[in-house]
Amino acid sequence: MRKTIARRLSDSYREAVHVTVNRTIDAEPMVTASENARDASTEADPTITDVLLCALSDALAEHPSFNATYEAETHALYEEQNVGIAVSIDDGLVTPVVADLASKSLYEIATERKRLTEKVQSGDYTMSLFRNGTFTVSNLGPLGIDSFDPVINPPEIGILGIGRTSERAVVSDGEIDLRPHLTLSLSFDHRIVDGADAARFLDTLASNAETAAAYV
């Protein structure tokens, strides 16, 4: 597995033109949405990550050039959002794919992400779980990382890194308030999309996160 990871990441850095842009967003609406979702469901246990995946799905729909692959000099856009979720296991790192993300509710996303994570961590999986990805998400927030430059998973052209949630002081109505924030890091292949495209993508994602209550 380490040999495969080394080969794929080497290919990615050798072939893609990596650029990463970062944006720190107010996570309060997503925290509230995840708490309300847990209160409303006895079957699923949605987290901030699951709420963010809903926001990501809408952003990919608005910016389809990121839900794509690039190989054989072809930029292929996909209607179906097959989003890989990076999961650390004893032997390395794998990215099981949540198929057709846009068709799933918050509760279905939470259930499927948990199922895939448990499956790969138990070792009970086949390579079919990792195929046909169109975009990837990597979350190092639970490990205390604020931000990082995620490496594109070829032949995809984009990957979103999620940092930890931490309290920040903000001024609201002339008063100082503490609100949870997190940093999103979008790495993209500059051969295919530009920095302005990535900035607009993150702006849409941030806006979607601000109205996270709609996903519950």
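In case you missed it, the structure is sitting above this.
Residues numbered from 1 in each chain as written. Predicted model: local features only at pLDDT ≥ 70, side-chain atom pairs only at ≥ 80, totals over all residues. Heavy atoms only, no water.

Undergrad: Tell me what's going on with unusual backbone geometry, and back it up with residues and numbers.
TA: Of note, the amide linkage connecting Pro 154 to Pro 155 takes the cis form, showing an omega dihedral of 5 degrees. Along the chain, the position of Pro 155 falls in the loop between β8 (135–139) and β9 (158–162). The phi torsion at Glu 73 lies on the positive side, around 55 degrees, for a residue other than glycine. Take Glu 73: it is sitting in the loop between β2 (68–71) and β3 (74–77). Judged by its relative accessible area of 72%, Glu 73 is exposed. Positive phi, normally seen in glycine, also occurs at Asp 100, with a value near 50 degrees. Positionally, Asp 100 belongs in the loop between β7 (97–98) and α4 (106–122). (Helix = DSSP H or I, 4+ residues; strand = E, 2+ residues; numbered from the N terminus. Buried < 20%, exposed > 50% of the residue type's maximum accessible area, 1.4 Å probe, protein only.)

Undergrad: Pulling in residues and values, what's your account of the packing of aromatic side chains?
TA: Applying the stated criterion across every chain, the model contains three aromatic pairs. An angle of 40 degrees between the planes, with centres 4.7 Å apart, marks the rings of Phe 66 and Phe 201 as tilted. Pair noted here: Phe 66 is in the loop between α3 (48–62) and β2 and Phe 201 is in helix α5 (residues 195–210), with a separation of 135 residues, a long-range link. With relative accessibility at 0%, the residue Phe 201 sits in the buried group. Ring centres of Tyr 125 and Phe 130 lie 5.4 Å apart, and the angle between their planes is 70 degrees; on these two criteria the pair is classed as edge-to-face. Here the aromatic cluster, defined as three or more aromatic residues joined through ring pairs, consists of Phe 66, Phe 135 and Phe 201. (Phe/Tyr/Trp six-rings, centres within 6.5 Å; stacked < 30°, edge-to-face > 60°.)

Undergrad: Describe the pattern of salt bridges, listing the residues and the values that go with them.
TA: By the definition in use, this model includes 10 salt bridges. The shortest N-O distance in the salt bridge between Asp 50 and Arg 113 comes to 2.6 Å. Taken together, the residues Asp 50 in helix α3 and Arg 113 in helix α4 connect sequence positions 63 residues apart. For the residue pair Asp 50 and Arg 113, the accessibility class agrees, reading buried in each case. (Salt bridge = Lys/Arg side-chain N within 4 Å of Asp/Glu carboxyl O.)

Undergrad: Give a detailed account of the packing of helix α2 (residues 28–40) against α3, specifying residues and quantitative values.
TA: The relative placement of two packed helices is expressed as an angle between their axes plus a distance between the axes. For the pair α2 and α3, interaxial distance at closest approach is 8 Å and the crossing angle is 115 degrees. Classified by the angle between their axes, α2 and α3 sit roughly perpendicular to one another. For the pair α2 and α3, the sense of crossing is right-handed. Residues Met 30, Val 31, Ala 33 and Ser 34 of α2 form the contact with α3, whose participating residues are Ile 48, Val 51 and Leu 52. (Axes fitted to C-alpha atoms, helices over the stretch in contact; angles between N-to-C directions. Parallel < 35°, antiparallel > 145°, perpendicular 65-115°, else oblique. Left-handed = near helix turned anticlockwise from the far one by under 90°. Contact = heavy atoms within 4.5 Å.)

Undergrad: Let's hear about the layout of surface pockets: which residues, and what values?
TA: Approximately 1200 Å³ is the volume attributed to the largest pocket. Around the largest pocket, the lining is made up of 45 residues, and of these Ala 86, Val 87, Leu 93, Val 94 and Thr 95 lie nearest the centre. Contributing elements (two or more residues each) for the lining of the largest pocket: α1 (2–15), β4 (83–85), β5 (87–89), β6 (92–94), α4 and β8. Tallied by class, residues from the lining of the largest pocket come to 23 nonpolar, 14 polar and eight charged. Approximately 170 Å³ is the volume found for the second largest pocket. Lining of the second largest pocket is provided by Ser 12, Glu 15, Ala 16, Tyr 70, Glu 71, Ile 152, Pro 154, Pro 155, Glu 156, Ile 157, Asp 189 and Arg 191. Those elements that provide at least two residues to the lining of the second largest pocket are α1 and β2. Here the lining of the second largest pocket is composed, by residue class, of six nonpolar, one polar and five charged. (1 Å grid on protein atoms, 1.4 Å probe; cavity = no way out; pocket = protein on both sides within 12 Å on 5 of 7 lines; lining within 4 Å. Points joined across faces, edges and corners; volume = space filled by probe spheres on them. Nonpolar A, V, L, I, M, F, W, Y, C, P; charged D, E, K, R; others polar.)

Undergrad: Got a sec to walk through the nonpolar core? Specific residues and values, please.
TA: Counting 47 residues, the largest nonpolar core has Leu 56, Phe 201 and Leu 205 as the members making the most contacts within it. No other element matches the eight residues that α3 contributes to this core. (Core = buried A, V, L, I, M, F, W, Y, C linked by side-chain atoms within 4.5 Å.)

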